[in-house]
Structures are given as C-alpha cells and as structure tokens.
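Listed here are the chains, written in short residue letters.
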Amino acid sequence: RFITPAKQQTFKWHAGRSEVVCWKDMPQDPASIIEWADRISTVYRPQIDYDLGLLAFDDGQLRELGARYGAEYLLLPQAAYDRVLDRCELPCIYPEDRAARVSYVILKLM
C-alpha cells in the first residue's frame, strides 16, 4: 500500500497497487465516509498546507503515518525529495541511483 500525492487520481489504475486514500474513491455508506474523510484530512491536508507536503514531517512521523494505515511506501515528487535529501533517512527504493532524475521517487516506510 502506498501513500500517494494529494492531486493524483490514477495511481491505482496505472500501478495496480493499493493506496491509503484517493479523493476519487469516496465510499457511499456513512461509516466508510467518516473513515475516508479522516484519511483525506490526515494524508492530504499536510500536502496542501505545508510547502514541503508530507516531508514537513520527520522520518519517525512518516513511519507512524505508514503504520497507522498499513502503507509500506511513500510516493512523492522528486523536487520535494530533493529539498529534504540531507535530512531524510528513509530508504529510497526508486530510483535505485540517487543521482538519477525522475518525476517521482518511492521511499520505504516499513
């Protein structure tokens, strides 16, 4: 399971992997809507409110977020990762070569 960028909408379709929450996958029953809204608030709100998005959190907080929702990976823009490279110690599993330039990087949370 992945924590994905707030504004994406097709990760699950293209990657065939589950994600913690997606704004397009709103459930229909009341209990599930409440849980979905909590996930949206917890995972997406920091991405909108903070300049660094989820990377405003430290490694421990990101691991806790992953554990809370059973997410093993964090998908984020390369540009955001570049800004915290000196302090982020989460393992980067894609790209394998840290010098490579890609649109998105994948960090391992668990």
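That block above? That's the structure.
Residues numbered from 1 in each chain as written. Predicted model: local features only at pLDDT ≥ 70, side-chain atom pairs only at ≥ 80, totals over all residues. Heavy atoms only, no water.

A. Broad picture of the packing of aromatic side chains. Inspection of the entire model under this criterion finds 3 aromatic pairs. Where Tyr 50 meets Phe 57, the ring centres are 6.2 Å apart and the plane angle is 70°; that geometry is what we call edge-to-face. An aromatic cluster of at least three residues, connected via ring pairs, comprises Phe 2, Phe 11 and Tyr 73. (Phe/Tyr/Trp six-rings, centres within 6.5 Å; stacked < 30°, edge-to-face > 60°.)

B. Broad picture of the pattern of salt bridges. Scanning the model with the defined rule gives 7 salt bridges in all. Residues Lys 12 and Asp 25 are paired through a salt bridge, measuring 2.5 Å at the closest nitrogen-oxygen approach. With a gap of 13 residues between them, Lys 12 in helix α1 (residues 11–15) and Asp 25 in the loop between α1 and α2 (30–49) connect regions that are remote in the sequence. Exposure remark for Lys 12: the relative accessible area of 35% places this residue in the partly exposed category. The shortest N-O distance in the salt bridge between Glu 35 and Arg 39 comes to 3.0 Å. Of this pair, Glu 35 and Arg 39 both sit in helix α2, separated by 4 residues, roughly a single helical turn. Looking at Glu 35, the relative accessible area reads 44%, which means it is partly exposed. (Salt bridge = Lys/Arg side-chain N within 4 Å of Asp/Glu carboxyl O. Helix = DSSP H or I, 4+ residues; strand = E, 2+ residues; numbered from the N terminus. Buried < 20%, exposed > 50% of the residue type's maximum accessible area, 1.4 Å probe, protein only.)

C. Structural view of the pairing of strand β4 (residues 104–108). Bridge count for strand β2 (residues 73–77) against β4 is 5 bridges, and the pairing is antiparallel. Each residue of the ladder has a partner; that of Leu 76, found in β4, is Val 105. The pairing of strand β3 (residues 92–94) with β4 spans 2 bridges and is classified as antiparallel. Looking at β4, one finds that Tyr 94 is bridged to Ile 106. (Pairing = 2+ DSSP bridges.)

D. Representation of the environment of Cys 88 in the model. By the element assignment, Cys 88 lies in the loop between α4 (78–84) and β3. Since its relative accessible area comes to 5%, Cys 88 is described here as buried. On a C-alpha basis, the gap between Cys 88 and Leu 55 in space is 8.4 Å, while along the polypeptide they are 33 residues apart.

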